[in-house]
Amino acid sequence: MDSIKDYVENNKERFLAELKGLLKIPSISADPAYKNDMLKTAEVVKENLLDAGCDLAEVCNTPGHPVVYAEKIIDKSLPTVLVYGHYDVQPPDPLDLWDSPPFEPVIKETKIHPEGAIFARGACDDKGQMYMHVKALEYMTKNDELPCNVKFMIEGEEEVGSEHLEWFIKEYKDRLENDVILISDTGMIAKDVPSITTGLRGLSYLEVEVTGANRDLHSGLYGGAVANPLNVLSKMIASLTDENNHITIPGFYDKVENLSDEEREKMAEAPFDLEEYKEKLDIDDVYGEKGYSTLERGSIRPTLDVNGMWGGYIGEGAKTVLPSKAYAKISMRLVPAQDWKEITKLFKEHFESIAPKGVRVEVKPHHGGYPYVTPIDTTGYQAASKAYEKTFGKTPIPQRSGGSIPIVSLFEKELKSKIILMGFGLDTDAIHSPNENFGVWNYLKGIETIPWFYKYFTEMSK
Ligand code: BES
Ligand code: MN
Ligand code: MN
């Protein structure tokens, strides 16, 4: 494996050019207008996997966007690593806030990345991180260094809730058999502070609709006498958290697993600079649940947030109107052992119960996912830890993340596997935001680290 460093150095321009090719295709899963680009991306990923040495690669149809499946089986008696990733990306909006077009990848220097970062939608989440695995495989097959079997499952619906992946996993259960699942779709603490993600939050996403009168009304003639759905919705949403920023939905915290004092102390040891955090976001203070640190609020505690709220007149100038309807999109990030289906039900019941007379309230659940947490004493974690030690010269820190990859807990349930989250992104990568980028250094470091995981995992599985 020692030649991986040179291999990366000698091939880096090509590795970057190939990734750019993938980033040029706008694989926006949320927008049906991009259906063909989704197919095109899946085909390109399939071809890339064949070029990297897979014996078999297929674009598998599902009731939604296709999944790319590929494998290289060298010896059935050896362990099998299943790599998961996603080729779909978030919509690039708002477009006017991008410094360069989202699907015309360019490499630019930044403060954190003097060696350059690739700017494009999907650069980090997840095309760039997924492609590290393709190139790591290429190195191993071309240099006769692949120590075990490998399978790839690259989906196209992660950013819209992986709706059809459960179907796919059940349908392809036998083919997906594995000894460990490897995913790069998270981040690390800093370039010089490697970390392995040991937890993800779950999610319940829903939309609410409040209806008042049967038409928009003159706010002078009717204002004060008829319920204004926007006023009512604001009040209802405000009542969902109390003065300590605790969520007030009855039963919401019932299943939350609280960390022991010892675990919290351990967490507080992770490097984190609150002043720098505030400065980067240009805020004068942080905000959140009383009794918890910023790191805890963003990972081990559940949340409730309005993601969008609208209704009435939002055009130029003023229009005096009581809207007939008001809407909001709400997300709740969940922690072990909250059940998103139960939480969705609790929200719905509570929200409908607090609606005042004079309005009608409808709660429409969207999608969700279960939270995930994994111990660090598994073979997979230990192999990953050794791989980072090899390429970073430091032991990685286990860290629970605030983000969600809903499919991860389903993998554990359906495939009975341990999942290892080796993420190489940084907080500054602006995933889901304008100017998403991925450090060239991070990309190449990922390609360099992954083969070591294969080696150690195979050795340690004996
Ligand atoms: N890769 C992210 C999740 C992520 C990012 C986890 C960084 C940890 C660190 C993933 O693509 C994502 O965006 N997930 C969505 C959930 C999905 C149901 C839309 C999320 O977290 O909002
Ligand atoms: Mn992702
Ligand atoms: Mn994402």
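Residues numbered from 1 in each chain as written. Chains lettered and ligands numbered in written order. Predicted model: local features only at pLDDT ≥ 70, side-chain atom pairs only at ≥ 80, totals over all residues. Heavy atoms only, no water.

As named in an unreviewed UniProt entry, the protein is Dipeptidase, taken from Gramella jeungdoensis.

Here we take up the pattern of salt bridges. Close approach of charged atoms lets side chains of opposite charge pair. If you walk through the whole model with that rule in mind, you get 29 salt bridges. Lys 325 is the partner of Glu 209 in a salt bridge, and the nearest nitrogen-oxygen pair spans 2.7 Å. On the criterion of sequence distance, the pair formed by Glu 209 in strand E9 (residues 202-211) and Lys 325 in strand E13 (residues 325-334) is long-range, its members being 116 residues apart. Relative accessible area serves as the criterion here: at 10%, Glu 209 is assigned to the buried category. Look at Lys 325 and you get partly exposed, because its relative accessible area is 29%. Residues participating in the shared-partner salt-bridge network are Glu 166, Lys 170, Lys 173, Lys 413 and Glu 414. (Salt bridge = Lys/Arg side-chain N within 4 Å of Asp/Glu carboxyl O. Helix = DSSP H or I, 4+ residues; strand = E, 2+ residues; numbered from the N terminus. Buried < 20%, exposed > 50% of the residue type's maximum accessible area, 1.4 Å probe, protein only.)

A separate point is the coordination of the manganese ion (ligand 2). Those protein atoms acting as donors to the manganese ion (ligand 2) are His 86 (NE2), Asp 125 (OD), Asp 185 (OD) and Asp 185 (OD), and they sit at 2.0 to 2.4 Å. For the manganese ion (ligand 2), the six donor atoms are set out with angles of 56 to 165° between them, so the coordination reads as irregular. (Donors = N, O, S within 2.8 Å, 3.2 Å for Na, K, Ca; no water. Tetrahedral: all angles 85-135°; square planar, octahedral: opposite > 155°, others 65-115°.)

Further remarks concern the packing of helix H10 (residues 379-392) against helix H12 (residues 440-460). At a minimum axis separation of 8 Å, H10 and H12 run at an interaxial angle of 135°. Here H12 runs oblique to H10, going by the angle between their axes. Crossing angle aside, the handedness with which H10 passes H12 is right-handed. Two secondary-structure elements touch here, H10 through Thr 379, Gly 380, Gln 382, Ala 383, Ala 384, Lys 386, Ala 387, Tyr 388, Lys 390, Thr 391 and Phe 392 and H12 through Trp 441, Lys 445, Glu 448, Thr 449, Trp 452, Phe 453, Tyr 456, Phe 457 and Met 460. A per-class count over the contact of H10 with H12 returns 11 nonpolar, five polar and four charged. (Axes fitted to C-alpha atoms, helices over the stretch in contact; angles between N-to-C directions. Parallel < 35°, antiparallel > 145°, perpendicular 65-115°, else oblique. Left-handed = near helix turned anticlockwise from the far one by under 90°. Contact = heavy atoms within 4.5 Å. Nonpolar A, V, L, I, M, F, W, Y, C, P; charged D, E, K, R; others polar.)

When its volume is computed, the second largest pocket comes out at roughly 520 Å³. Trp 340, Gly 369, Tyr 370, Pro 406 and Leu 410 are the residues nearest the centre of the second largest pocket, which is lined by 24 residues in total. Listed by contribution, the elements that provide at least two residues to the lining of the second largest pocket are helix H9 (340-353), strand E14 (360-369), strand E15 (372-373) and helix H11 (407-415). Take the lining of the second largest pocket: its biggest share by element is five residues, from H11. Of the residues that constitute the lining of the second largest pocket, the class distribution is 11 nonpolar, seven polar and six charged. (1 Å grid on protein atoms, 1.4 Å probe; cavity = no way out; pocket = protein on both sides within 12 Å on 5 of 7 lines; lining within 4 Å. Points joined across faces, edges and corners; volume = space filled by probe spheres on them.)

Moving on: empty space enclosed by the protein. By rolling a water-sized probe across the atoms, one finds the places where empty space is left. This structure, assessed with the given rule, holds one cavity of 30 Å³ or more. When its volume is computed, the largest cavity comes out at roughly 30 Å³. Of the residues assigned to the lining of the largest cavity, the class counts are two nonpolar, four polar and two charged.

Turning our eyes to something else, we now look at the UniProt feature "domain: Peptidase M20 dimerisation" (unreviewed entry) in the protein. When the UniProt feature table is mapped onto this chain numbering, "domain: Peptidase M20 dimerisation" (unreviewed entry) sits at residues 199-358. When the span residues 199-358 is considered, its composition is 28% helix and 21% strand, and the gap between its end C-alpha atoms is 43 Å. (UniProt positions renumbered as here; feature names shortened; annotations may be inferred.)

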